[in-house]
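Structural features, examined
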Amino acid sequence: MLLIRCPYCEEDRPEVEFVYGGEAHVARPLDPAALSDQDWEHYLYIRRNPRGRHHERWRHTHGCGRFFNAVRDTVSDHFEQTYKAGEARR
């Protein structure tokens, strides 16, 4: 069983309590109305899918319900660290 540490609950919990929320640290455009359709499509749908270390958003749905960020190796599925939403990329 994969254990994920919730930085808010400050404990390791089983992966079934969490939901993947996509790539972390994706900045919303300052003026969405000024974007072309292609730029808007890129913002909404195009994400990195690296092999190896990746920054992701997760939600502790069956716990505190809060979103947080994690650094996970996509090859080994190992979580290197988790940190609270709003904190700088580590």
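All of these numbers come straight from a predicted model, not from anything done at the bench.

About the thresholds
- Residues numbered from 1 in each chain as written.
- Predicted model: local features only at pLDDT ≥ 70, side-chain atom pairs only at ≥ 80, totals over all residues.
- Heavy atoms only, no water.
- Phe/Tyr/Trp six-rings, centres within 6.5 Å; stacked < 30°, edge-to-face > 60°.
- Helix = DSSP H or I, 4+ residues; strand = E, 2+ residues; numbered from the N terminus.
- Buried < 20%, exposed > 50% of the residue type's maximum accessible area, 1.4 Å probe, protein only.
- Salt bridge = Lys/Arg side-chain N within 4 Å of Asp/Glu carboxyl O.
- Patch = residues over 30% accessible without salt bridge, like charges linked within 9 Å, V, L, I, M, F, W, Y side chains within 5 Å.
- Areas by Shrake-Rupley, 256 points an atom, 1.4 Å probe, with all protein chains shown as cover.
- Pairing = 2+ DSSP bridges.
- Axes fitted to C-alpha atoms, helices over the stretch in contact; angles between N-to-C directions.

Some points on the packing of aromatic side chains
Summed over the entire model, instances satisfying the criterion amount to four aromatic pairs. Taken together, a centroid distance of 5.8 Å and an interplanar angle of 85° make the contact between phenylalanine 18 and phenylalanine 68 edge-to-face. A residue pair is termed long-range when its members are at least 10 positions apart, and phenylalanine 18 in the loop between strand 2 (11-14) and strand 3 (19-23) and phenylalanine 68 in strand 5 (residues 67-73) qualify at 50 residues. Pair check on accessibility: phenylalanine 18 and phenylalanine 68 agree, each one buried. Between tyrosine 20 and tryptophan 58, the ring centres sit 5.5 Å apart and the planes meet at 75°, which makes this aromatic pair edge-to-face. Note that tyrosine 20 is positioned in strand 3 and tryptophan 58 in strand 4 (residues 53-59), a separation of 38 residues in sequence. One aromatic cluster is present, formed by Tyr20, Trp58 and Phe79 through successive ring pairs.

Points about the pattern of salt bridges
One pass over the structure, following the stated rule, counts seven salt bridges. Where aspartate 12 meets arginine 5, a salt bridge forms, and the shortest distance between an N and an O atom there is 3.5 Å. Each of Glu11, Arg13 and Glu17 takes part in one network of salt bridges that share partners.

Points about a nonpolar patch on the surface
Taken together, Leu44, Tyr45 and Ile46 make up a surface patch of nonpolar side chains, about 320 Å² in accessible area. Overall, the relative accessible area of 62% leaves tyrosine 45 in the exposed class.

Points about the sheet that holds strand 4
Spatially, 3-4-5-6 is the arrangement adopted by the four strands of the open sheet, whose pairing is antiparallel. Edge strands, defined here as strands with exactly one partner in the open sheet, are strand 3 and strand 6 (79-84). When the angles between neighbouring strand axes are averaged without regard to direction, this sheet yields 30°. Summarising the sheet, strand 5 and strand 6 pair through five bridges and their orientation is antiparallel. Following the sheet pairing, arginine 72 is matched in strand 6 by phenylalanine 79.

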